[in-house]
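# A closer look at the structure
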Amino acid sequence: MKRPGPLLTLLAGLVLGLFMLTLNATSGTKTVSSSTQREASPSASPSASPKKSANTPPTPTVTPSPTPSKTPVANASYAGRTADDTASVAVTVRDGKAVAYFCDGRYKEAWLRGPVKDDGSMKLTAPNGAELDGKIEQGKKIRGTVKDEGRKYAFTADKAVKPSGLWRATAKVRGAKIDGGWIVLPNGRQTGIVTRDGKAASAPRIDPETGAVTVDGQQLTAQPVTP
Amino acid sequence: MTADPNAATQSFPPRPPARPHDSPARYLVPALVAAAVAVGLGVYGKVHDPAGTAFNLAGFSSTGAVKSWLATTAFFFALVQVVSAFMVYGRLPGPSWSATLHRWSGRIAFLVAVPVAVHCLYAFGYQTYSTRVMWHSLLGCAFFGAFSAKMLLLRSERLPGWLLPLVGGLVFTALTLLWLTSALWFFRTVGVTT
């Protein structure tokens with residue numbers, strides 16, 4: 001007589017796996033649509049609501065608008081972690097351009113810049129060769145990858161409102177050039193690197209309300225970054 | 001495949017000792033299924049475009065933490081597996097329900113590992129950019145292949161006594177290495193967070 005137990009175990013695993021896979025494959029659109037509805041009222045963004053701009057595909061009749069306020073991609077900031085949870089990624093979109101910061105809080109960082117296409121996709125590059133490929137989904141989050149030093153990091157960055165987002169402070173402290181970058185996640189978590197004359201190190205926390213931070217005894221003020 | 005007459009099968013009551021006339025399908029089917037599962041997972045991981053983070057559980061700070069704790073749970077039950085297997089085979093004193101313990105701890109370990117694997121395959125895919133990641137990808141596919149083989153072999157009776165312990169040992173070794181290359185790494189680099 002054959003025992004059904006082991007086969008049932010295998011089938012249960014298969015069913016569970018397929019169930020989670022479909023959950024993953026469908027959850028992207030599901031959560032986005034439900035949360036954009038939720039977000040539509042409180043966000044009330046000035047010109048283009050994120051829902052509208054992202055849901056309507058760029059029609060071919062639209063002429064390239066000269067005024068930046070009419071750009072099809074809404075201005076917003078996004079912040080999140082890489083899928084392997086080793087680094088943070090933040091992107092700020094303004095008037096069809098984007099600046100992004102990729103930072104592991106210890107020694108890896110990259111400032112990436114580039115244009116945002118009408119469909120919300122972007123390809124940003126950094127002077128050090130890092131690349132970010134991403135797409136704004138429903139004006140709610142950016143999903144994409146960062147390629148840095150030969151490694152590829154998948155990431156998801158949710159829409160972030162101040163004080164979360166992207167901060168930068170540059171100054172000269174006792175002759176040393178200080179360049180600090182911070183990513184503040186919506187849950188308050190911070191990832192930052194301070195570079196002193198090209199040498200990267202973990203950054204002290206900034207005050208997310210004011211951007212105040214003390215680096216090597218010097219009081220600095222970090223500013224939200226715009227492209 | 002010759003059967004050792006002194007194999008541990010004799011001390012395993014529900015299964016009669018191996019007989020000389022074995023149909024090859026009994027070994028071939030599990031082996032082929034194992035290969036298909038392992039290769040299939042690897043191909044999916046390679047072909048599917050990594051999607052980034054997929055799901056998260058309430059109360060955890062990140063999917064990395066969720067996966068690490070699920071994997072640690074699976075590893076704990078895998079340890080129970082080893083101990084209960086020795087009990088079943090009479091190498092360790094154990095209660096009468098040690099076979100049930102073995103079955104259910106195995107089921108739990110497997111079912112807990114499935115969401116972790118789904119996330120790995122869906123979010124990261126099969127990657128080879130570092131030694132740790134390469135081994136993790138390879139072993140992850142091999143683990144589910146070996147586990148499928150173990151489950152299918154359990155359905156056959158009259159197996160050589162060394163076969164199940166061997167395959168079970170492979171499954172356990174794969175899971176241990178998977179845990180070392182992922183959850184332990186996560187706890188060491190990111191910290192023991194929930």
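Cut-offs and rules
Residues numbered from 1 in each chain as written. Chains lettered and ligands numbered in written order. Predicted model: local features only at pLDDT ≥ 70, side-chain atom pairs only at ≥ 80, totals over all residues. Helix = DSSP H or I, 4+ residues; strand = E, 2+ residues; numbered from the N terminus. Buried ≥ 20, exposed ≤ 12 C-beta atoms within 10 Å, placed from the backbone. Contact = placed C-beta atoms within 7 Å. Core = buried A, V, L, I, M, F, W, Y, C linked by C-beta atoms within 7 Å. Domains from an automatic or database assignment. Pairing = 2+ DSSP bridges. Axes fitted to C-alpha atoms, helices over the stretch in contact; angles between N-to-C directions. Parallel < 35°, antiparallel > 145°, perpendicular 65-115°, else oblique. Left-handed = near helix turned anticlockwise from the far one by under 90°. Nonpolar A, V, L, I, M, F, W, Y, C, P; charged D, E, K, R; others polar. Expected span 1.5 Å × (residues − 1). pLDDT = per-residue confidence, 0-100.

So, about the overall build of chain B. Scanning chain B for helices and strands turns up six helices and zero strands. Listing every helix and strand of chain B by position from the N terminus yields α-α-α-α-α-α. A burial count over chain B gives 43% of its 194 residues as buried. Across chain B, the fraction of contacts at a sequence separation of at least 24, relative to all contacts at a separation of at least 6, is 77%.

As a further point, take the overall build of chain A. Along its length, chain A carries two helices and 15 strands. Each of the 227 residues in chain A was classed as buried or not, and the buried ones make up 38%. Across chain A, every contact between residues at least 6 apart in sequence was considered, and the portion connecting residues at least 24 apart equals 49%.

Contacts between the two partners involve 27 residues from chain A and, on the opposite side, 26 residues from chain B. Looking at the side of chain A that touches chain B, the elements that each hand over two or more residues are helix 1 (5-43) and strand 8 (151-160) of chain A. The greatest single-element share of the side of chain A that touches chain B, amounting to 14 residues, is contributed by helix 1 of chain A.

The next point concerns the nonpolar core. It is characteristic of soluble globular proteins that their nonpolar side chains tend to be buried jointly. One finds A:Ala90, A:Ala100, A:Phe102, B:Ala74, B:Phe143 and B:Leu175 to be the most contacted residues of the largest nonpolar core, which totals 98 residues. Here the element with the most residues in this core is helix 3 (residues 98-124) of chain B; it accounts for 13 residues. In this structure, this core is formed jointly by two domains, domain 1 (70-160) and domain 2 (165-224) of chain A, each of which donates at least three residues. Discounting chain neighbours no more than four positions away, the residues touching B:Leu175 are B:Ala74, B:Phe75, B:Ala78 and B:Phe143.

Residue and element names in this part refer to chain A. Strand order in the open sheet formed by five strands is 12-11-10-9-15, and the pairing between neighbours is antiparallel. In this open sheet, the two edge strands, each paired with only one partner strand, are strand 12 (199-202) and strand 15 (223-224). Pairing of strand 10 (residues 176-184) with strand 11 (residues 190-196) involves seven bridges; the strand directions are antiparallel. Within strand 11, the residue paired with Val184 across the bridge is Gln190.

Residue and element names in this part refer to chain B. One way to put it is that helix 4 (residues 131-154) packs onto helix 5 (residues 163-181) with a least axis distance of 8 Å and a crossing angle of 150°. Relative to helix 5, helix 4 is oriented roughly antiparallel. Relative to helix 5, helix 4 is oriented so that their crossing is left-handed. The residues of helix 5 that touch helix 4, namely those facing Arg132, Trp135, His136, Leu139, Gly140, Ala142, Phe143, Ala146, Phe147, Ala149, Lys150 and Leu153, are Leu163, Leu164, Val167, Gly168, Leu170, Val171, Ala174, Leu175, Leu177, Leu178 and Thr181. Class assignment of the residues belonging to the contact of helix 4 with helix 5 gives a composition of 17 nonpolar, four polar and two charged.

A separate point is helix 4 of chain B. Here helix 4 of chain B is 24 residues long and its end C-alpha atoms lie 34 Å apart, about the 34 Å a rise of 1.5 Å per residue gives. The buried count for helix 4 of chain B comes to 18 of 24 residues, which makes it a mostly enclosed element.

With that settled, the discussion passes to the confidence of the model for chain B. Residue and element names in this part refer to chain B. For chain B, per-residue confidence averages 83 on the pLDDT scale, and 82% of positions sit at 70 or higher. Ranking the helices and strands of chain B by mean pLDDT puts helix 5 first, with 93, and helix 6 (residues 183-189) last, with 85. Of the two predicted TM-score estimates for the complex, the pTM is 0.52 and the ipTM is 0.77.

Quick look at the pairing of strand 9 (residues 165-173) of chain A now. Residue and element names in this part refer to chain A. Note that strand 9 and strand 10 share nine bridges and pair antiparallel. Among the inter-strand pairings, Leu166 is bridged to a residue of strand 10, identified as Ile183. Hairpin remark: strand 9 followed by strand 10, antiparallel, with two residues in the connecting loop; positive phi at Arg174, about 50°. Taken together, the two bridges between strand 9 and strand 15 define a ladder with antiparallel strand orientation. Each bridged residue has a counterpart across the sheet, and for Arg168 the counterpart in strand 15 is Gln223.

Counting through the fold element by element, A:Thr86 comes out in the loop between strand 1 (76-82) and strand 2 (88-94). Residue classification places A:Thr86 among the partly exposed positions, given that 17 C-beta atoms sit within 10 Å. Those residues within four positions of A:Thr86 in sequence are excluded, and the remaining contacts are A:Asp104 and B:Thr189.

Moving on: the confidence of the model for chain A. One rule of thumb: low pLDDT means the predicted coordinates there are not for detailed reading. With 79% of its residues at a pLDDT of 70 or more, chain A shows a mean pLDDT of 76. Scored below 50 in pLDDT, residues 28-71 of chain A makes 43 contacts in the model with residues more than four places away or belonging to other chains.

The next thing to look at is the pairing of strand 11 of chain A. Each regular strand carries side chains that alternate between the two faces of the sheet. All names here are of chain A. Hairpin connection from strand 10 to strand 11: five residues lie between these consecutive antiparallel strands, with Gly188 at a positive phi of about 95°. With four bridges connecting them, strand 11 and strand 12 associate as antiparallel partners. Following the sheet pairing, Val194 is matched in strand 12 by Ala201. Here strand 11 folds back onto strand 12 in antiparallel fashion, the turn holding two residues, of which Asp197 has a positive phi close to 50°.

Here we take up unusual backbone geometry. Residues and elements named next belong to chain A. Even without a glycine there, the phi angle at Asp85 is positive, about 60°. By the element assignment, Asp85 lies in the loop between strand 1 and strand 2. Positive phi outside glycine occurs at Asp95, with the angle close to 50°. Among the structural elements, Asp95 can be located in the loop between strand 2 and strand 3 (97-103).

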